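Chain residues, written in single-letter form:
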Amino acid sequence: MTDAAETGPGGVDAGGTGETERSPLAPDEVAALAERVVDNVEEVIVGKRTAVEHVLIAVLARGHLLVEDVPGVGKTTLAKSVSRSIGGSFKRVQFTPDLLPADVTGVNVFNQRTDEFEFQPGPVFANVVLGDEINRAPPKTQSALLEAMEEGQVTTDGETRSLPDPFCVIATQNDVEPGQTYDLPVAEIDRFTKKIRLGYPSTDEEAEIIGRMAGDHPVDAVEPVASIEEVRRARATVAGVDATEAVREYVARLAAYTRRNARLGVSPRGSLALLRTAQARAALDGRGYVIPDDVQAEAPTVFAHRVRADSGTDGATVVEDALDRTSVE
Amino acid sequence: MRRPRIGDLARRLRSAVDPPALGVAVVTAAYLSVFLSATDVVGGTGRTAVAVAVAGGAGLALARYVGERTAVRLTAGLFAATLAGYYFAIPASRRAVFSPENVALDVVSLLTGLSILRLALADLWVLAVAPVPTFLVGYLVGRGRQMGAAGVAGGTLGFLVLTGDAGGTATLAGVVGVALTAGLSTLSMPGGIRDHGDTLAAVLAAMVLVSATLSLLPAGAAQPWALDRGTPTLESSIEADDEVEIVGPTRLSPEVRYTIESPVAANWHAGSYDTYTGDGWVRSGEQSPLEEPLDGPPGDATRANVTITAEGESASLPAPWKVVDVRGPAAQTARVDEHGTLRLAEPLGAGETVTVESRVLDADPDALRNAGTDYDPAIEDRYTQLPASTPDRVGERTEEILAAADAENPYDQAVAIERYLREEYEYSLTVRKPDGDVADAFLFEMDAGYCVYFATTMTAMLRSQGVPAQFVTGYSEGERIGGDRYVVRGQDAHAWVKAYFPGHGWVTFDPTPAAERGEVRRARLTDARSAGEPGVDVPASEPEVTAPSIVPDPGASPAATGAANGSDATGTDADAATDNATTGADAADRRGTGLTRGAVSDEPRPGEDDSPLPSGETVAYWLFAAVIGVTGARRFGVDERAARAARLRLPWGGADPTTDAKRAFADLEYLLARRYRERRAGETPRAYLDALRRRGLDERALAVGETYERAAYAGTVTRAEADEARRTVRQLALEATPVVGRLFD
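Residues numbered from 1 in each chain as written. Chains lettered and ligands numbered in written order. Predicted model: local features only at pLDDT ≥ 70, side-chain atom pairs only at ≥ 80, totals over all residues. Heavy atoms only, no water.

Trainee: Quick rundown of the layout of surface pockets? Include the residues and the values.
Mentor: Residues and elements named next belong to chain B. By volume, the second largest pocket is sized at about 980 Å³. In this structure, the second largest pocket is lined by 35 residues; those nearest its centre are E338, A378, I379, R382 and Y383. For the lining of the second largest pocket, the secondary structure elements donating two or more residues are helix 7 (122-129), strand 9 (334-337), helix 14 (377-383) and strand 18 (505-509). Ranked by the residues each element gives to the lining of the second largest pocket, the list is headed by helix 14, at five residues. Considering only residue class, the lining of the second largest pocket consists of 17 nonpolar, eight polar and ten charged. (1 Å grid on protein atoms, 1.4 Å probe; cavity = no way out; pocket = protein on both sides within 12 Å on 5 of 7 lines; lining within 4 Å. Points joined across faces, edges and corners; volume = space filled by probe spheres on them. Helix = DSSP H or I, 4+ residues; strand = E, 2+ residues; numbered from the N terminus. Nonpolar A, V, L, I, M, F, W, Y, C, P; charged D, E, K, R; others polar.)

Trainee: If you had to explain the pattern of salt bridges to someone new, which residues and values would you point to?
Mentor: Once the charged atoms of two side chains with opposite charge are near each other, the side chains can pair. Taken as a whole, this structure holds 52 salt bridges over all chains when the rule is applied. Among the charged side chains, a network of salt bridges with common partners joins D285(A), R287(A), D294(A), R686(B) and E709(B). (Salt bridge = Lys/Arg side-chain N within 4 Å of Asp/Glu carboxyl O.)

Trainee: Got a sec to walk through the sheet that holds strand 17 (residues 493-501) of chain B? Specific residues and values, please.
Mentor: All names here are of chain B. Taken together, the four strands give an open sheet; going across it, the order is 3-14-17-18, and neighbouring strands pair in antiparallel fashion. Each edge of the open sheet carries a strand with a single partner, namely strand 3 (268-273) and strand 18. Within this sheet the neighbouring strands show an average axis-to-axis angle of 40 degrees, counted without direction. Sheet topology places strand 17 next to strand 18; five bridges connect them, and they run antiparallel. Across the sheet, residue A499 finds its bridge partner in strand 18, namely V507. Each of strand 17 and strand 18 touches helix 16 (residues 410-424); the most contacted strand, strand 18, lies at about 25 degrees to it. (Pairing = 2+ DSSP bridges. Axes fitted to C-alpha atoms, helices over the stretch in contact; angles between N-to-C directions. Contact = heavy atoms within 4.5 Å.)

Trainee: Now, about helix 27 (residues 699-714) of chain B: what can you tell me, with residues and values included?
Mentor: Its 16 residues place the ends of helix 27 of chain B 22 Å apart at the C-alpha level, agreeing with the 22 Å of an ideal helix rising 1.5 Å per residue. Counting buried residues along helix 27 of chain B, twelve of its 16 residues qualify, which places the element largely inside the surrounding structure. For helix 27 of chain B, the full list of buried residues reads A701(B), L702(B), V704(B), G705(B), T707(B), Y708(B), E709(B), R710(B), A711(B), A712(B), Y713(B) and A714(B). Next to the buried residues of helix 27 of chain B lie helix 9 (245-261) and helix 11 (292-303) of chain A together with helix 25 (657-675), helix 26 (685-693) and helix 28 (719-736) of chain B. Downstream of helix 27 of chain B by one or two residues, G715(B) has phi in the positive range, about 65 degrees. (Expected span 1.5 Å × (residues − 1). Buried < 20%, exposed > 50% of the residue type's maximum accessible area, 1.4 Å probe, protein only.)

Given below as structure tokens:
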């Protein structure tokens, strides 16, 4: 069922204009922006500072985020509050076994008054789209969303429509009911730039959370601390962050390590994703160049879900080993 | 058969330049160097080198097309063909010697130390034999069978070791080459050489060093190569079977060897040598049984019956040249060699007596001066041989001497050379053997020597002028004990020269300064007598019975005695007087205008032979020691540590700022690794410094890390920042070494 809730100030049709004309922010401005967003979100969500950073990095690196966790740990709240903080539109799709592709992308509806078909945009037309429990939908519907993620556009009845810019999908996946889910195939999982887990809050944090949530849900009170335009300029900054050959080689060596030491290693798309997120991480740190530390900070969330490890170990361990054993210049 | 494609060729080439092929190349070079040093002496180096190169190339080329069985047959065929070619190249007259038992004997004697130089037509023999193993080596290398190739090359070298032609260095090179091949073949897997190459280098260097300094075989062929071999007696060094190896210092044995009863006083001839190797003499050719009396010299000759009594076991038969017949038990086994020397198949026992008949040449100087130069080609060919490597300056110096003495015919030339050597050089038994050509070294670098040096040099000088000459060994006349009897002692062992004159025969010349030699011998004998050494006297020679001193050698210059009785020209105490007396104004004149050594050229006379420069062997010895040292140091990373430690503390010249900043950080890392711990493989510089900061890292190091980060990952480091980083690191290093630090602050 589609729940097209809370259209943010950014509007539905914040179509992508060319990035080239936009003047990038300075790296420290990006850092300041991120700081503002993180602080703002922290007022709503307790103890999820790194998660917020991950979301921001996914947005800035033109990527998408997969959140895997048990229900009720604040996935929706996180997505919504980040979206509001950056002044973007937000929509949520609850994936269910009977959800159809059109429910995601939108449908043409015949308007009797104008005697024309009118396109009713689906929930995918937003700056931040939360695909909740994506693994409960049938593969066909999943792939409709994935196509949108990859192409940045949606095709209905032969007509192609661009999605807003920035466009970021935050999909959640729960692993508690494996029997009733359609696990995402490897090829699709590869399209998510990062995969994170939120995890349970600590006891103190939880006490604070339930204290805050007891009254009004504070997420509704989140005010934007940045504009969509600033985010676009920050993305231009990220794209321009320097990655020297040493860093690129380091990324390639890490990928090669996973290929040598797992059943299925990281694809070149994965390497590219790692470099982009490392660029975003560098910008978040106020730097105009990537250092290996950025790569190391990003590798676990970018690489781990792309690795099919040999039995007896998992992707996260392989990536950890890769970081330990691949020499840094 | 497929046509070879470029790819095939390239692959074959690659397989041929396999690392193990390096070892094969070393062994091959070792045995080829032995072959080529032989042809250097006997001639034909150029054509042998071409034949060897063609054979090796053919083997390499055929490797692609020919199976191994066929290749072995081909090699056998090639060997048979070249040997047949050698056989038919030998003149028919000498071919008669090639009976099956003689060939078998030759093979045995080759394997037991007969130098290939002593074979008839040794140049052709080398030309026939050398390409065969080279073909097989080329073939096996082409097949990628490096160990097989090393085996064939090593076997060939082994043969040459048995013939005694391969010296210590060539043998060692061969052994090292085989080991290198084996080692590199074993290490041929990827990375093997990189990981274990230094071990191999150390092992090989140790092989060289150990073999150079130790010998498990006492007094065997494996003489330690870099050590003194002890001082041989003069006699032992020139009484060797068919080879005279010129040695360094020598000593005299005063023991009595022979008592000779002879109507003529002469140098007692024992052997003639034709082939000069640059550092020794070889007599080539076969021996044949003495079936009838030999011919005497072509010129007028005096007949003399000489009785020789051996006082100890003796292999040679010293008698006045030229012995034509022998009587007594030894006659049955007497043989004659190609130089006309009578040889004993079995040594004489102590006390055994042999009677020989000699024809001693009578010729006066004028007759010899007019003898002309119409030499028999066989004699000219054989006795004007010089190694191709003999320096030209030997001939040039000889020409200068002859021009100054105005000597135009071979006789005058021989006299001039003899006089020059006698007058310009001192007699000494304690000389160091020179490197390289002995004649050249004696002529230009040495001031003194003993008979072997004088005779070698004079023979080489005569040959350089195209005068057939031979190097002769035997004994000088010894102590005359009344009448026609002479006592010959070990210390009378001597070497001299004979030159050939058409129509007359071989005439003796003796370039050794006789007076000085006599004095040395007299002193040695007196010492031996006063020390009571045994075997110094026979009853008739004891000082109480005869004169207390040795009767001087008959005073006769070469001109005088050569003319009078064809005997040798040993000098006398009254050398100059007799010289003048016998050759008259002519000689006086010649002496007046005679060339002295200083006058020949302005080159400085080198000092004594104890030059301060180390010999080649010593240098090689230290080089190999250095190899062991260096590989050992590399094994344990000493060199890198030392370089690093020095660079850390000393100011160094800068490159571009980025490189400098990186180097500064590398140095910092090295410093921190010693102080704290090394940076782990997956640890970024920043993480490393952060981790160390918790252990009390100096804050200045963090700044260096930051500079490095910008240099390595942003490329935006300024000169000033890089210099600052360098200064910081150096400062930190100096603080880490208080003593040196104070020096540089």
